[in-house]
Amino acid sequence: MKSVRLPAFSARASLASSAPTWVLLQQVVVRGLVAVKFLAIGRLLGPAAIGSVSVALFAVAIAESLSDTGLAQAVIQGRESPSHAELGAVWTTLVTRGVFVAGLLIALAPLMNSQFHLGGELALLQLAAALPLIRGVASPAYFVVQRERRFQHIAGIEMSAAFADCCIGLALALAGVGVYSMLFGMIVGETLKSALTWATMTPRPPVRLSWAGIGHYLGFSRWIWASSVVTLLLNQFDKVIVAKLLGPAQLGMYQMSSKLAQMLLSDAVIAMSQYLFPTFSAHHRRDPREGARLFRAYFGVAAAGLALIVVVLRVAAEPLFLLILGAAWLSAVPLFKIFTINMALGALNAVLVSYLRAVGDAKATTQAPSIQVVVLLAIVPPATHYWGVMGIAWSITIGLGCAGIWMLRRAWRRGA
């Protein structure tokens, strides 16, 4: 029967079949540019500089997670496309959030400067406040394009922004601008991305203040917000502890080992969730059993591939650090070996999150990281006492494993 129906959907099938290609191309280019920028600046400036900019960026991440509206995911997952008025309300909400987050970061910058031993880098924290404001003014048509799986369009915008970010950041670093070069590059890239969402994407929302018409999104989005808050605790908890207790240089080592493992292992899979979430949603709306079969296929391939990469990276860790970053970073190798396992587990969990959100079980994606928080609260104090920063890293491994088991159980109950 399926073979008879194929001609009637040939255009749609062609679009769907090309979608993974565009997502993969986007992630190879974008993540490659991010890696070149991060690693090159890390080699040029050293651990202390990377630690300082990491403090500024995790401050942005904390503020954005605490104010996450969940509207992007609600628009993508919803059964009906948003109306013109609804898009206007979404845009108003996101702009308001951006202004609030930027103001909050500027107000708290002096406190963070003293608490995290940045030594006069107050302007660095204030400059980072521009990022949520620029992201907030982007057009919510971006979410509609994601919903409709027009990944070629998304790839063009994301690659353009990443290219601008990388070029500006590296040029400024080579010119002697120092740690600020990384943030300036990000600001240019985010500005270009926001501008392109308005210039190239439709439908464009009305540019006026209006909050009416999106109440039906709140039931789903509140779980997204709760999930973001819990994820915030998980993603930033360890960095805050390292920065507070050990200062920017040690945070730089910790962040570099984590970031390199993320680039090599989890970035591609997590980024593929941009494709998987709307794709799982579309298949589930059409036939839940078809969606479950698709999930099993993607999850199995991801698990096998990640396991192989983890083994290779752990064996090659020391020569890899010498080649890419130099001898100054070798003390980060033991942490890197742990983070290869953590990032693989995180990538698999991202696939699970995409599927559970697609089938409308956003509650499960909040419960899983909540379990991880409980595990960390129980394990981190004794692990830190006996093994220091290595104990923190292994605690994260155990927490990720527990969260993944919980989500697998929920996916199984959904028919996967």
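In the block above lies the structure referred to throughout.
Attention in this report is confined to the structure presented alongside it. Along each chain, residue indices are assigned from 1 in the same order as the chain's sequence is written. Totals for whole chains, interfaces and linings use every residue, but because this is a predicted model, local features are given only for residues with pLDDT of at least 70 and side-chain atom pairs only at 80 or more, for both listing and counting. Water and hydrogen atoms were dropped before computing side-chain values, which therefore reflect all heavy atoms in the structure.

Along helix α14 (residues 317-324), the positions that sit buried rather than exposed are Ala-317, Leu-320 and Phe-321. End-on view of α14: buried residues confined to an arc of 95°, all on one side of the axis. Considering only its buried residues, α14 is in contact with α12 (248-286), α13 (288-315) and α15 (333-358). Numbering of helices and strands starts at the N terminus; helices are DSSP runs of H or I of at least 4 residues and strands are runs of E of at least 2. Positive backbone phi, at 100°, marks Gly-326, one or two positions downstream of α14. Each residue is placed in one exposure class: buried if its accessible area under a 1.4 Å probe, protein chains only, is under 20% of its type's maximum, exposed if it is over 50%, and partly exposed if it falls in between. When we speak of the arc, we mean the arc of directions from the helix axis to the C-beta atoms. Any pair of residues with heavy atoms lying within 4.5 Å of one another is described as a contacting pair.

Centre-to-centre distance and the angle between the planes together describe a pair of aromatic rings. For Phe, Tyr and Trp, rings pair up if their centres lie within 6.5 Å, where Trp contributes its six-membered ring, and each pair is then called stacked (planes under 30 degrees apart), edge-to-face (over 60) or tilted (otherwise). With the rule as written, the count across this model stands at eleven aromatic pairs. With 5.5 Å between their ring centres and 85° between their planes, Phe-58 and Phe-116 make a pair best called edge-to-face. With Phe-58 in helix α3 (residues 47-66) and Phe-116 in the loop between α5 (84-115) and α6 (122-128), this pair connects stretches of sequence that are 58 residues apart. Like Phe-58, the residue Phe-116 is buried in the burial classification. With a centroid separation of 5.6 Å and 40° between ring planes, the pair formed by Phe-295 and Phe-299 is classed as tilted. Note that Phe-295 and Phe-299 are positioned in helix α13 at a spacing of four residues, about one turn of the helix. The exposure classification of Phe-295 matches that of Phe-299, with both residues buried.

Take unusual backbone geometry next. Of note, the amide linkage connecting Thr-202 to Pro-203 takes the cis form, showing an omega dihedral of 0°. Note on placement: Pro-203 falls in the loop between α10 (180-200) and α11 (218-246). We note that Arg-149 has phi near 60°; this positive angle belongs to a residue other than glycine. For Arg-149, the position within the fold is in the loop between α8 (141-147) and α9 (151-174). Take Arg-149: its relative accessible area is 14%, and that puts it in the buried class.

It is worth spelling out the side chain of Glu-64 at this point. Relative to the elements of secondary structure, Glu-64 occurs in helix α3. Contacts of Glu-64, omitting those with residues within four sequence positions, involve Arg-97, Val-101, Pro-132 and Arg-135.

For the rest of this paragraph, the subject is the environment of Ala-368. For Ala-368, the location among the structural elements is in helix α16 (residues 362-413). Excluding its chain neighbours within four sequence positions, the residues that come into contact with Ala-368 are Ala-403, Trp-406 and Met-407.

Between two packed helices, both the angle of their axes relative to each other and the distance between the axes serve to describe the pair. Here, axes are lines fitted to C-alpha atoms. For helices the fit covers the stretch in contact, and angles between N-to-C directions go from 0 to 180 degrees. Between α12 and α13, the least distance of the axes is 9 Å, while the angle of their chain directions is 170°. Classed by the angle they form, the pair α12 and α13 counts as roughly antiparallel. Here Leu-264, Leu-265, Val-269, Met-272, Tyr-275, Leu-276, Thr-279, Phe-280, His-283, His-284 and Arg-286 of α12 come into contact with α13, specifically with Pro-288, Glu-290, Gly-291, Leu-294, Phe-295, Tyr-298, Leu-306, Ile-309, Val-310 and Leu-313. Should an angle fall under 35 degrees it is called roughly parallel, over 145 degrees roughly antiparallel, and 65 to 115 degrees roughly perpendicular, with every other angle called oblique.

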